[in-house]
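# Breakdown of the fold
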Amino acid sequence: MDCRITARQVLPGIFHLSDRMGMHSTLIVGEREALLFDTGYGLDDLKKAVAEITPLPYQVILSHGHHDHACGSFQFDQVLLDEREFPVCEKYAGSFRKRVWDQATAKGLDLSDWREEDFLSRGYGHMQALEQEVFHLGHLTAQVIRMPAHTPGSIGLYIPERQLLLSGNNFNPTTWLFFPEAQPMADFLSAMEKMLALPFRQVLCSHGDAPLDRARMEDFYRGITMENIAAHALPQPGLGFGARVYGFAPAEGMWFCFDGDKLPPAWREALMKNHPFPG
Ligand SMILES: [Zn+2]
């Protein structure tokens, strides 16, 4: 079958792969080996897509365990992820597969390569605790950035030779911080600071097609203040698993949704006074 994944080289040795659900994985190809970051929704043949780009050996590493990043993990012998993500991956990449199938059906995707029960039973592959902090791929290096925020074991990667940050789900044009396992806003801001302390020039997001300039992420970070949240964040009822989710635009063209109950107390009080959550 055709792999049905679109690959685009965004920088030398850096390939951004898009599946038919619009989700991205990133393949980093050094001179000796490669590294695949995330496995997408798992409906398309990611392994074949990698084989079409490089014959080199490679490991697979997950930014976190949510279904849109981890459902394709069954295609590989093992996936590396922060140990704190094991329960997240078991929950989402294991039992959210029906939700993925229904979303794909609703999008009108051709699923004739699959029998529904096969997809639902594929699981999340063999999880291995990520202990390595640096991957030397041969003239390209991937440094692991551990940053509990979007989930407890979320990571990003920094590729110094390309001054490129892979932010996983801790920064996207639309960033979500409201799943039950999301960490407090203070931890999210620490994660942003940890990323911005790196000398990257561009950031490649899991939910974005092309690298963004560093300035876009700086604008996003600067927009997340108590004053902005109290003035502009509005309730987003129905979005988040029973959490009181609010959304606002920290910078032009960007959107941030967060759990209002995970704000620092003074921020929360200021927000709830201006925009109480309905119900
Ligand atoms: Zn996620």
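Now for a quick tour of the structure. What you are looking at is a predicted structure, and each value in this text was computed from that prediction instead of being measured.

### A short note on the overall build of the protein chain
From N to C terminus, the protein chain includes nine helices and 17 strands. Compactness check: the protein chain gives a C-alpha radius of gyration of 19 Å against a globular reference of 19 Å for 279 residues, within 12% of the reference. Along the three orthogonal principal directions, the C-alpha set of the protein chain runs to about 55 × 45 × 30 Å.

### Some words on the sheet that holds strand S16 (residues 245–248)
Strand order in the open sheet made by the four strands is S12-S17-S16-S15, with mixed pairing throughout. Edge positions in the open sheet fall to strand S12 (174–177) and strand S15 (234–235), since each of these has one partner strand only. Taken together, the four bridges between S16 and strand S17 (residues 255–259) define a ladder with antiparallel strand orientation. When the bridges of S17 are listed, Tyr246 appears paired with Phe258.

### Quick notes on the nonpolar core
Most often, soluble globular proteins keep nonpolar side chains buried together rather than apart. Counting residues in each nonpolar core, the largest one holds 78 residues, and the members touching the most others are Leu27, Ile28, Ala34, Leu35, Leu36, Cys89 and Val203. Setting aside its immediate chain neighbours within four residues, Leu27 contacts Phe15, Leu17, Ala34, Leu36, Val50 and Ile53.

### Observations concerning the pairing of strand S5 (residues 58–61)
Of the strand pairs in this sheet, strand S4 (residues 34–37) and S5 are connected by four bridges, and their pairing is parallel. Within S5, the position partnered with Ala34 by the bridge is Tyr58. The β-α-β motif built from S4, the intervening helix H1 (residues 46–53) and the parallel element S5 has right-handed crossover chirality.

### Looking at the environment of Arg162
Tracing the chain through its elements places Arg162 in the loop between strand S10 (155–159) and strand S11 (164–166). The spacing of Arg162 and Gly13 is 149 residues in sequence and 9.2 Å in space, taken between C-alpha atoms. Apart from residues lying up to four places away in sequence, Arg162 is in contact with Leu11 and Ile14.

### Considerations on the environment of Phe179
Examined against the element boundaries, Phe179 turns out to sit in the loop between S12 and helix H6 (185–196). When the 18 C-beta atoms within 10 Å are taken as the criterion, Phe179 is described as partly exposed. As for Phe179 and Pro264, which are separated by 85 residues in sequence, their C-alpha atoms are 17 Å apart. Apart from the residues within four sequence positions on either side, Phe179 is in contact with Thr151 and Phe241.

### Section: the pairing of strand S3 (residues 24–29)
Along S3, six of the six residues are buried, which leaves the element largely enclosed by surrounding structure. Burial along S3 is two-sided: His24, Thr26 and Ile28 and Ser25, Leu27 and Val29, pointing in opposite directions, are all buried. The sheet contact formed by strand S2 (residues 14–18) and S3 spans five bridges and is antiparallel. From the neighbouring strand, Ile14 faces S3, where its bridge partner is Ile28. Judged from the four bridges that link them, S3 and S4 form a sheet pairing that is antiparallel.

### Structural notes on the sheet that holds strand S14 (residues 212–213)
With respect to topology, six strands assemble into an open sheet ordered S8-S9-S10-S11-S13-S14, the strand pairing being mixed. Since the sheet does not close on itself, it has two edges, and those belong to strand S8 (134–136) and S14, each with one partner. Pairing geometry for S11 and strand S13 (residues 202–204), over three bridges, is parallel. Each bridged residue has a counterpart across the sheet, and for Leu164 the counterpart in S13 is Gln202.

### A look at H1
When H1 is considered as a whole, its buried residues turn out to be Leu46, Ala49 and Val50. Down the axis, H1 shows its buried residues gathered within 100° of arc, on one side only. Turned more than 90 degrees from where H1 packs its buried face, Ala51 and Glu52 sit exposed. Tucked inside the fold, the buried residues of H1 contact strand S1 (6–11), S2, S3, S4 and S5.

### Remarks on unusual backbone geometry
Residue Arg4 is not a glycine yet carries a positive backbone phi of 65°. Its location among the elements puts Arg4 in the segment before S1. A tally of 17 C-beta atoms within 10 Å means that Arg4 is categorised as partly exposed. For Asp38, which is not glycine, the phi dihedral falls at a positive 80°. As for its placement among the helices and strands, Asp38 is situated in the loop between S4 and H1. With 28 C-beta atoms packed within 10 Å, Asp38 lands in the buried category.

Each value, and the rule that gives it
Residues numbered from 1 in each chain as written. Predicted model: local features only at pLDDT ≥ 70, side-chain atom pairs only at ≥ 80, totals over all residues. Helix = DSSP H or I, 4+ residues; strand = E, 2+ residues; numbered from the N terminus. Rg over C-alpha atoms; globule rule 2.2 N^0.38 Å. Pairing = 2+ DSSP bridges. Core = buried A, V, L, I, M, F, W, Y, C linked by C-beta atoms within 7 Å. Buried ≥ 20, exposed ≤ 12 C-beta atoms within 10 Å, placed from the backbone. Contact = placed C-beta atoms within 7 Å. Right-handed = clockwise from strand over helix to strand, strands pointing away. Arc of directions from axis to C-beta.

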